[in-house]
Amino acid sequence: MSEYMNPIKSVSIQLCDEPLLTIHCDGRVTASDKLKPEETARLALDELRKQWLNDAQAVKIRELKVQIERLDKWKQSALEIEREWDANAIATMLGGRLGESHRKVIQREVPKLLIRIKRLEEAGDAMEKYCSDYYSSNRWYKAKEAKP
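Residues numbered from 1 in each chain as written. Predicted model: local features only at pLDDT ≥ 70, side-chain atom pairs only at ≥ 80, totals over all residues. Heavy atoms only, no water.

## As for the overall build of the protein
Helices and strands together make up the secondary structure of the protein, namely 5 helices and 3 strands. For the protein, the N- to C-terminal ordering of α and β elements is β-β-β-α-α-α-α-α. Burial analysis of the protein (148 residues in total) assigns 14% to the buried set. Within the protein, residue pairs in contact and separated by at least 24 positions form 10% of the contacts whose partners lie at least 6 positions apart. Counting every atom, the protein has about 13200 Å² of accessible surface; 59% of that belongs to carbon and sulfur. (Helix = DSSP H or I, 4+ residues; strand = E, 2+ residues; numbered from the N terminus. Buried < 20%, exposed > 50% of the residue type's maximum accessible area, 1.4 Å probe, protein only. Contact = heavy atoms within 4.5 Å. Areas by Shrake-Rupley, 256 points an atom, 1.4 Å probe, with all protein chains shown as cover.)

Have a look at this one:
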């Protein structure tokens, strides 16, 4: 059996070609004697941050996180809109039967309602032509304009 030999002896973070912090393969960590520990830690973290920010995988991860956040916001807004109306209640008002698909009832009945509204408007317009009372005529136009 052959022993596994680690080809990496140590990892070193350097500043101006001088080792700032070295992580040895046996787990030891040595820092530069020229700096205080706080300065060494700050500079080492800054250097790691620079490397991380420039790494292609890190850039892609950040882009994907932004995209995920955007999709989460979109999903929340879609769910909020979905919660604003109760398909069951609407389907029941439209005459849907128990066990019948709410969406199918709504898709079937809403066009009928739109046709009925149009016929009622036409009937109201026709009645308005024969109505001599200004008050009734004016009231009809106001009601018609108030329709959403």
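## Things to note about a nonpolar patch on the surface
Taken together, the side chains of Val110, Leu113, Leu114 and Ile117 present a nonpolar region at the surface, about 320 Å² in accessible area. Within the fold, Leu114 resides in helix H4 (residues 102-130). Leu114 sits in the exposed class, given a relative accessible area of 55%. (Patch = residues over 30% accessible without salt bridge, like charges linked within 9 Å, V, L, I, M, F, W, Y side chains within 5 Å. Salt bridge = Lys/Arg side-chain N within 4 Å of Asp/Glu carboxyl O.)

## Looking at the pattern of salt bridges
In this structure the tally under the stated criterion is 4 salt bridges. One salt bridge connects Glu100 with Arg108, and the closest N-O pair in it is separated by 2.7 Å. The exposure class assigned to Arg108 is partly exposed, which follows from its relative accessible area of 34%. A network of salt bridges, in which partner residues are shared, links Arg97, Glu100, Arg108, Glu109 and Lys112.

## Section: H4
Taking 1.5 Å per residue as the helical rise, H4 with its 29 residues ought to reach 42 Å, and the 42 Å between its terminal C-alpha atoms agrees with that figure. Taken together, the buried positions of H4 are occupied by Val105, Ile106, Glu109, Glu121, Gly124 and Glu128. (Expected span 1.5 Å × (residues − 1).)

## A closer look at the packing of helix H1 (residues 37-54) against helix H2 (residues 56-84)
Between H1 and H2, whose axes approach to 5 Å, the crossing angle comes to 70°. One way to sum up the angle between H1 and H2 is to call them roughly perpendicular. Across the interface between the two elements, Trp52, Leu53 and Asn54 of H1 pack against Ala56, Ala58, Val59, Ile61 and Arg62 of H2. Here the residues of the contact of H1 with H2 are counted per class, giving 6 nonpolar, 1 polar and 1 charged. (Axes fitted to C-alpha atoms, helices over the stretch in contact; angles between N-to-C directions. Parallel < 35°, antiparallel > 145°, perpendicular 65-115°, else oblique. Nonpolar A, V, L, I, M, F, W, Y, C, P; charged D, E, K, R; others polar.)

## A word on the nonpolar core
By size, the foremost hydrophobic cluster in this structure holds 5 residues: Ala87, Ala91, Leu94, Val105 and Ile106. Breaking this core down by element, the ones donating at least two residues are helix H3 (87-93) and H4. For Leu94, the contacting residues outside a window of four places in its chain are Val105, Ile106, Glu109, Val110 and Leu113. (Core = buried A, V, L, I, M, F, W, Y, C linked by side-chain atoms within 4.5 Å.)

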